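Each chain, letter by letter, is given below.
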Amino acid sequence: MATKVIVPLMAAFVALTMLVAHQACAEKDCYHEKVRVIDDCIDFLRKYGSTLRPSFNCRMAVDVSDLACICRILNDTDEEKISAEKLVLLARSEGQALEAGTKCGSYPIPPLPARPPPRAKSMRA
Ligand SMILES: *[C@@H]1O[C@H](CO)[C@@H](O)[C@H](O)[C@H]1NC(C)=O
């Protein structure tokens, strides 16, 4: 009788543990990338004061990082230091498409700036 209850309970517990561990792992995936990008790009990302152009090291750090992942794990402490909006600009300037409508930290990612409409076929005859 007791095993009938305990076994499913244990199975549920194991499943839950695996799920939690898996999520913790996923969050850790780009933790070091985040720390590195914030570190190497602080001159560009800093929230207050003038923004310097992203340095070579900064662009390298961005190029080897998954900025969408960094955006997902960007926390309040990070955002006290850096601007999530600038992080989005930086990602896009390095060619990483961040999905509009999702968030980077607390910053809602806007649609990409509209491109000039494709050139209309010449009206001139
Ligand atoms: C936020 O992330 C930073 C690393 O970028 C870490 O040092 C800090 O402890 C984190 N803060 C919170 C509230 O999780």
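Up top is the structure these notes are about.
Residues numbered from 1 in each chain as written. Predicted model: local features only at pLDDT ≥ 70, side-chain atom pairs only at ≥ 80, totals over all residues. Heavy atoms only, no water.

(A) Molecular detail of the site of the ligand. Close to the ligand lie Y31, K34, N75, T77 and D78, which account for all nearby residues. Contacts to the ligand include N75, whose side-chain N or O atom sits 2.5 Å from an oxygen atom. In the complex, 48% of the free accessible area of the ligand, which totals 370 Å², lies under the protein chains. (Near = heavy atom within 4 Å. Polar contact = N/O pair within 3.5 Å; in protein donor to acceptor, adjacent residues only side chain to side chain. Areas by Shrake-Rupley, 256 points an atom, 1.4 Å probe, with all protein chains shown as cover.)

(B) Here's a closer look at the nonpolar core. Counting 25 residues, the largest nonpolar core has V37, L45, L87 and C104 as its most contacted members. If sequence neighbours within four positions are ignored, C104 has contacts with C71, L74, E79, A84, L87, V88 and I109. (Core = buried A, V, L, I, M, F, W, Y, C linked by side-chain atoms within 4.5 Å. Buried < 20%, exposed > 50% of the residue type's maximum accessible area, 1.4 Å probe, protein only. Contact = heavy atoms within 4.5 Å.)

(C) Representation of the environment of I82. Here I82 is to be found in the loop between α6 (76-81) and α7 (84-93). Residue class for I82 comes out buried when judged on its relative accessible area of 0%. Expressed as a C-alpha distance, the spacing of I82 and C41, which sit 41 residues apart in the sequence, is 9.4 Å. Apart from residues no more than four positions distant in its own chain, I82 is found in contact with I38, I42, L45, K47, L74 and L87. (Helix = DSSP H or I, 4+ residues; strand = E, 2+ residues; numbered from the N terminus.)

(D) The arrangement of the pattern of salt bridges in detail. This structure, assessed with the given rule, holds 3 salt bridges. The partner of K34 in a salt bridge is D78, with the nearest N and O atoms 2.7 Å apart. You can see K34 sitting in helix α2 (residues 31-40) and its partner D78 sitting in helix α6, a full 44 residues away along the chain. Exposure class is identical for K34 and D78. Each is buried. (Salt bridge = Lys/Arg side-chain N within 4 Å of Asp/Glu carboxyl O.)

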